[in-house]
Amino acid sequence: MDQTVENKAMAPKAAPMSESEKSAIIGGVLLSMLLAALDQTIVAPALPTIARALGHAEYLPWIVTGYLLTATAMAPLYGKISDVYGRRPVIYAAILIFLFGSLVSALAPNMLVLVIGRAIQGAGGGGLFALAQTVIGDLVPPRERARYAAWISGTWAVASVAGPLLGGVFAEHLHWSLIFWINLPIGFLAMAIINNPLRKLPIAAKNHRIDGLGAVLLVVATSLLLLALNWGGSAYPWFSREILGLVACSAVFWAFFALRLLKAAEPLISLDVLGNPIVLAGTLSMFLLQAANIGASVYLPVYLQSIVGLSVSESGMAMLGLLLGTVAGATFAGRMIPRFVHYKRIAMIGVSMAIVCIGVLSAIAEHASLLEVLILTTLTGLGSGTTFPVATVSVQNAVDRAHLGVATGVLTFLRTLGGALGVAILGAVALGYGLPLSSEGSATHIKLSSALPFVMIFLTTGITLVLALIVLALMPEKELRGRDEHAAPVLAE
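Now for a description of the structure that goes with this document. Quick caveat, the model's predicted, so the values are computed rather than measured.

**A word on the packing of helix H20 (residues 404–432) against helix H21 (residues 452–474)**
Phase 1: Where H20 contacts H21, the two axes come as close as 9 Å, and the packing angle between them is 150°. Between H20 and H21, the angle is such that the two are roughly antiparallel. Seen from above, H20 lies across H21 with right-handed handedness. Facing Ile425, Leu426, Val429 and Ala430 of H20, the residues of H21 in contact are Met456, Ile457, Thr460 and Thr461.
Phase 2: Residues of the contact of H20 with H21, tallied by class, amount to six nonpolar, two polar and no charged.

**What to know about the nonpolar core**
Phase 1: In this structure, Leu300, Tyr303, Phe454, Ile457, Phe458 and Leu465 are the most contacted members of the largest nonpolar core, which totals 85 residues.
Phase 2: Examining the composition of this core, we find that 14 residues originate from one element, helix H14 (residues 277–308), more than from any other.
Phase 3: One finds Leu30, Leu38, Val135 and Leu184 within the second-largest nonpolar core, a separate group that totals 37 residues.

**Observations regarding the environment of glycine 117**
Phase 1: One can find glycine 117 in helix H6 (residues 111–139).
Phase 2: By relative accessible area, glycine 117 is classed as buried at 0%.
Phase 3: When neighbours within four sequence positions are excluded, glycine 117 is seen to be in contact with Gly101, Val104 and Ser105.

**Comments concerning the packing of helix H11 (residues 212–231) against H20**
Phase 1: Following both chains from N to C, one finds H11 and H20 inclined at 25°, their axes separated by 9 Å at the closest point. By the angle class used here, H11 and H20 are roughly parallel. Considering the relative orientation of H11 and H20, their crossing is left-handed. Along the contact surface, H11 presents Leu218, Thr222, Leu225, Leu226 and Leu229, while H20 presents Phe413, Leu417, Ala420, Leu421 and Ala424.

**Some details on the packing of aromatic side chains**
Phase 1: If you walk through the whole model with that rule in mind, you get five aromatic pairs.
Phase 2: Measuring from centroid to centroid gives 6.3 Å for tryptophan 254 and phenylalanine 413, while their planes differ by 50°, and the two rings are tilted. Here tryptophan 254 is found in helix H12 (residues 241–263), whereas its partner phenylalanine 413 is found in helix H20, with 159 residues between them in sequence.
Phase 3: By relative accessible area, tryptophan 254 is classed as partly exposed at 25%.
Phase 4: Their ring planes at 80° and their centres at 5.3 Å tell us that tyrosine 303 and phenylalanine 458 sit as a pair that is edge-to-face.

Conventions adopted
Residues numbered from 1 in each chain as written. Predicted model: local features only at pLDDT ≥ 70, side-chain atom pairs only at ≥ 80, totals over all residues. Heavy atoms only, no water. Axes fitted to C-alpha atoms, helices over the stretch in contact; angles between N-to-C directions. Helix = DSSP H or I, 4+ residues; strand = E, 2+ residues; numbered from the N terminus. Parallel < 35°, antiparallel > 145°, perpendicular 65-115°, else oblique. Left-handed = near helix turned anticlockwise from the far one by under 90°. Contact = heavy atoms within 4.5 Å. Nonpolar A, V, L, I, M, F, W, Y, C, P; charged D, E, K, R; others polar. Core = buried A, V, L, I, M, F, W, Y, C linked by side-chain atoms within 4.5 Å. Buried < 20%, exposed > 50% of the residue type's maximum accessible area, 1.4 Å probe, protein only. Phe/Tyr/Trp six-rings, centres within 6.5 Å; stacked < 30°, edge-to-face > 60°.

What follows is the structure, encoded as structure tokens:
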């Protein structure tokens, strides 16, 4: 311990960073985050065209699944690695891995190579999600950090809207490979923007090492679980030998990972971080909230088409209420957090409003008008959106700079995993109440005589939001640090 303190004392202090340099870094990392977010939405409209060009349409779901598997599994690893080796080399590595995967995907002569390229993309993209928030955490003290959550939400909003539009235009009017080629100039631009300013960010934790065995166990456990969630109810029945076998194998590897955390000299994820009540509650609330949000966003368009009677394009436009409401909620909460001592109440009030709105929607689902649906979903997004900055700032404020990367990585990991679990749970509810699914696991767009499947979907979403509210209520609050970061303890009590 004394040697570590001495090494920190002898280490040269980083040169002060100007506000313009901070803005350049934040703009660059958000641009790199936009890359990863776009590639979750831009591919879907091009899938039929890709199938015609490369054949083997039965493997189309793997173009999405391959990216999701590696992006989710790698997110917590990047946080730890950046804590040890510094943000600049690690974020550069993530961008370069992502761009290499884009190149492989763009040049793919067959479906197998394309799936491999997408998996490589995900391996880089998972780092871009976690590192963007970590770097912002390095630059801005917690008291001021919340307002940047709106920028992150806005980045996702742009990707959600622009991705499908660009994917459709490229596939229909130009060439499907452009959805991958477009990443190269954007990625190199992001690297050029952040190159010099990032040199001034100090390495947070020196004289540490990466637990390679723990990393392998985490990746395998996560991948097996995500495969079960993606294939359950679509490729195989939920209680088939294949799905139960994947779940059992995942549980075994999770047990080995937990044992490794207890036994390793320096575990991949610090037990002090995992045991911190603020980190635990903040990440769990984000997990539950994302399960509700992503799951509902998948089935809401199907409800709009099957019950309300909208076309595919009209239902896509109607989804903007939920999307823009979420961004507005995050923006509002980000501006309000510094003004409140009990800042978590902002999220609690927001989630409570979302629960009421989704409850009303479930009650009137059978005969709701389009205007009623738009109002309720917009208010639901507005309420749930308040949680993103509150949870992120709470978690980052609970740890010191040396643990910032790994804490943010865990938050990103559980946020993504929650989305996958939410889709799987609501998919099981949909099947159980007679909503037909296609072979790819998505709901078919047909006119239904009863809204019962959607009533149960909305009720399940509401229950998940209630659980998120309970976790938020139990989360301790710690006074947000200002610009004097040196006052921060190693870990919050």
